[in-house]
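Listed below, chain by chain, are the residues.
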Amino acid sequence: MTEAPNAKPLADLVIEGAHILTSDPDQPEIAKGRIAVTGDTLTFVGPAEGPAPAAKRLIDGSGLMATPGLVNVHTHAILTMVRGVAEDMGFAPAYTPGVPQGHMVSPEEAVALARLGALEAMKFGSTLINDTYVHVDETLPAQGALGLRVTACGRIHDVDFSGVSKGRWAYDMAIGKETLGKALALAQRFHGAMNGRLGVQLAAHAPDTCSTDFLRTIRETRDQTGLIVATHLAQSRIEVERIKERDGKTPAELLEELGLLNNRLIAAHCIFMTDSDIEKAGKGGIHVAHIPKGNATGGTMAPTLRLRGAGANLCLSTDNMHADMVELMRWALCVGRLQEGKIDDDWQPEDVFAMATINGARAMGMADSIGSLTQGKKADIVLFDVAQPHFIPMTDALGNLVHVGQGRDVRHVIIDGVITVENGRATLADEGAIMREAEMAARALWRRAAAD
Ligand SMILES: [Zn+2]
């Protein structure tokens, strides 16, 4: 990057000559493009014709591919603490004995781990993460300080989590009141903060960890506040069996009856769904946080094609896997094709790129402001270094991105008009300190979990 010499800057930032994939159907691909940013807004996206406009900052885009910021609609940054181990133990750490769990994490440890997960996600091209776990009143501003967009919430539940990994589902309204109250206080404090980069959702943990009455309260709270509800849905056989025993229904039937199964819901996993569940979810227009890698790691696949066909909006998310949304596009494509046993129009790079960008923005209720490189939207831009052997030849840029790209190929990230990653390094944080503090926190937690 060089400082442009012109005395009268017209834009704060101009990226000149990059290969642009916009995720905007009006001009999906621009081979030699120009992007101009003023303040937090994209003021021009189009072909680089004529001399570059004057700008405070000029990025030479030759050898770079520009995409919209990637939108990760469901993650738990703190669960970086269990990576490399929990993947081989059980379907979710909260249900697995001997593994560090949310109720064991101190606020300081939560911040250390949440910053690690956020740093990793941003360096790999995510510009928004929808992150839920514990001690969120401290982790949300700490993650936001990296320059990232973060929507967050503590886990809302009324089950006593300390019993779940041991097979005890005891509900306590006092726990529900406390977790929901904290979410509302969080929204009061942070929803729309940091120039709109921070947001809050109502993260109802799962149908089985919220009692039926409590789910009804969450629906009422959604209606009163206008906040989006996020949950895990049909993520395990345990959940399905528990809801059948408790309510005599499937989890999707339960949520439909309670008025939750609609386009104000982001539902993660959606694996164990009946044909009728899929119809209901599609008709309701839910947003599916598809977790192809996490599901496959647990030996499962979600019926994504049928959910999409029924009307659901498919998005992408890493859940508790590592935060590489580029790799995840490839997982979604390959898992989708494995399910169909063929290559056809149902699963193409365009589909998974939309899932990682504009579909995610839609799920977050932010399709008007992010999710594509469109003039007038927020300046959330990822620049990939494509002057590398694995991107040559660039016959089909999107094909290359989906089939050979990785988060590690990200060179620069711009969020809300601010360069937050430059030459692969975070600009607003001490990466070394974040890694050291997270390593110490994870080690302490594993020691305590072994003793639990
Ligand atoms: Zn999850």
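Numbering of residues starts from 1 in every chain and runs along the sequence as written. Residue-level local features of this predicted model are given only where pLDDT is at least 70; pairs of side-chain atoms are given and counted only at 80 or more, and the full residue set underlies all totals for whole chains, interfaces and linings. Only hydrogens and water are removed before side-chain values are computed, so all heavy atoms of the structure are retained for them.

A.B. asks: Quick question: what am I supposed to make of the overall build of the protein here?
C.D. replies: The number of helices and strands found in the protein is 16 helices and 19 strands. Values of the radius of gyration come from C-alpha atoms, whereas the globule rule sets the reference at 2.2 Å times the count of residues to the power 0.38. Against the compact-globule benchmark of 22 Å for 452 residues, the protein has a radius of gyration of 21 Å, which places it among compact chains. Considered along the principal axes of its C-alpha atoms, the protein spans approximately 70 × 45 × 40 Å. When a residue's accessible area, from a 1.4 Å probe over protein chains only, is under 20% of the maximum for its type it is buried; when over 50% it is exposed; and in between it is partly exposed. When each of the 452 residues of the protein is scored for burial, the buried share is 60%. Should any heavy atoms of two residues lie within 4.5 Å, those residues are counted as being in contact. In the protein, the proportion of contacts linking residues at least 24 apart, taken out of those at least 6 apart, comes to 72%. What sets the accessible areas is the Shrake-Rupley method with a 1.4 Å probe; for residues, cover comes only from the shown protein chains. Surface summary for the protein: the accessible area is close to 17,300 Å², and the carbon and sulfur share equals 52%. In this count, Lys and Arg are taken as positive residues and Asp and Glu as negative ones, while His and the chain termini are left out. Charge coordinates come from a single atom per side chain, which is NZ of Lys, CZ of Arg, CG of Asp or CD of Glu. Computing the positive centroid from 43 side-chain charges and the negative centroid from 56, the protein places the two 3 Å apart. Secondary structure elements follow DSSP: runs of H or I of four or more residues count as helices, runs of E of two or more count as strands, with numbering from the N terminus.

A.B. asks: I keep staring at the environment of Ile238 and nothing clicks. Help me out?
C.D. replies: As for its position among the elements, Ile238 is in helix α7 (residues 237–247). Ile238 sits in the partly exposed class, given a relative accessible area of 36%. In this structure the C-alpha to C-alpha distance between Ile238 and Lys342, which are 104 residues apart in sequence, comes to 32 Å.

A.B. asks: Please explain the coordination of the zinc ion as it appears in this structure.
C.D. replies: Metal coordination angles in their ideal form are 109.5 degrees for the four-donor tetrahedron and 90 or 180 degrees for the six-donor octahedron. Listed donors are limited to N, O and S atoms within 2.8 Å of the metal, widened to 3.2 Å for Na, K and Ca; water is not among them, so incomplete-looking sites are possible. For the zinc ion, the full set of protein donor atoms is His74 (NE2), His76 (NE2), His232 (NE2) and Asp319 (OD), and the range of their distances to it is 2.1 Å. Key to geometry: four donors with every angle between 85 and 135 degrees are tetrahedral; four donors are square planar and six octahedral where opposite donors lie over 155 degrees apart and all remaining angles lie between 65 and 115; all other sites are irregular. Bound by four donor atoms, the zinc ion shows angles of 85 to 166° at the metal and therefore irregular coordination geometry.

A.B. asks: Got a minute to help me understand the pattern of salt bridges in this structure?
C.D. replies: A side chain of one charge can pair with a side chain of the opposite charge when the charged atoms of the two come close. Only one rule defines a salt bridge in this text: a Lys or Arg side-chain nitrogen within 4 Å of an Asp or Glu carboxyl oxygen. One pass over the full model with this rule turns up 24 salt bridges. The partner of Arg216 in a salt bridge is Asp213, with the nearest N and O atoms 2.9 Å apart. Pair noted here: Arg216 and Asp213 are both in helix α6 (residues 212–225), with a separation of three residues, about one helical turn. A relative accessible area of 32% means that Arg216 is categorised as partly exposed. Classification of Asp213 by relative accessible area gives partly exposed; the value is 48%. The residue Arg425 makes a salt bridge to Glu431 at a minimum N-O spacing of 3.2 Å. Shared partners join several salt bridges into a network, and the residues in it are Asp40, Arg149, Lys378, Asp380 and Asp416.

A.B. asks: How do you make sense of the domain arrangement of the protein when you look at a structure like this?
C.D. replies: Where interface size is quoted, it is often the accessible area lost as the parts come together. In this document the domain limits rely on a domain assignment from an automatic tool or a database. The domain boundaries assigned to the protein delineate domain 1 (2–68 + 373–426) and domain 2 (70–363). Using only C-alpha atoms to locate each centre, domain 1 and domain 2 end up separated by 30 Å. Tallying the contact residues gives 29 residues for domain 1 and 28 residues for domain 2. Interface of domain 1 and domain 2: buried area, both sides summed, is about 2,300 Å²; carbon and sulfur atoms make up 61% of it. One can count two salt bridges joining domain 1 with domain 2. Where Arg149 meets Asp416, a salt bridge forms, and the shortest distance between an N and an O atom there is 3.0 Å. Throughout this description, a polar contact denotes any pair of N or O atoms lying within 3.5 Å of each other; where both atoms belong to protein, one of them has to be capable of donating a hydrogen while the other can accept it, and for residues adjacent in sequence the pair is counted only when both atoms sit in side chains. Joining domain 1 to domain 2, the criterion identifies 11 residue pairs in polar contact (both at pLDDT 80 or more). Elements with a contribution of two residues or more to the side of domain 1 that touches domain 2: β6 (64–68), β16 (381–385), α15 (397–404), β17 (410–415) and β18 (418–422). Ranked by the residues each element gives to the side of domain 1 that touches domain 2, the list is headed by α15, at six residues. Each residue gets one of three labels, nonpolar for Ala, Val, Leu, Ile, Met, Phe, Trp, Tyr, Cys and Pro, charged for Asp, Glu, Lys and Arg, and polar for the others, Gly among them. The residue inventory of the side of domain 1 that touches domain 2, partitioned by class, reads 14 nonpolar, nine polar and six charged. Note: buried area is the sum, over both parts, of the accessible area (probe 1.4 Å) each one loses when the two are combined.

A.B. asks: Explain the side chain of His290 here, please?
C.D. replies: Relative to the assigned elements, His290 resides in strand β14 (residues 287–290). Take His290: its relative accessible area is 2%, and that puts it in the buried class. In this structure His290 touches Asn295, Ala302, Thr304, Cys315, Leu316, Ser317, Ala332 and Met355, once residues within four positions along its chain are discounted.

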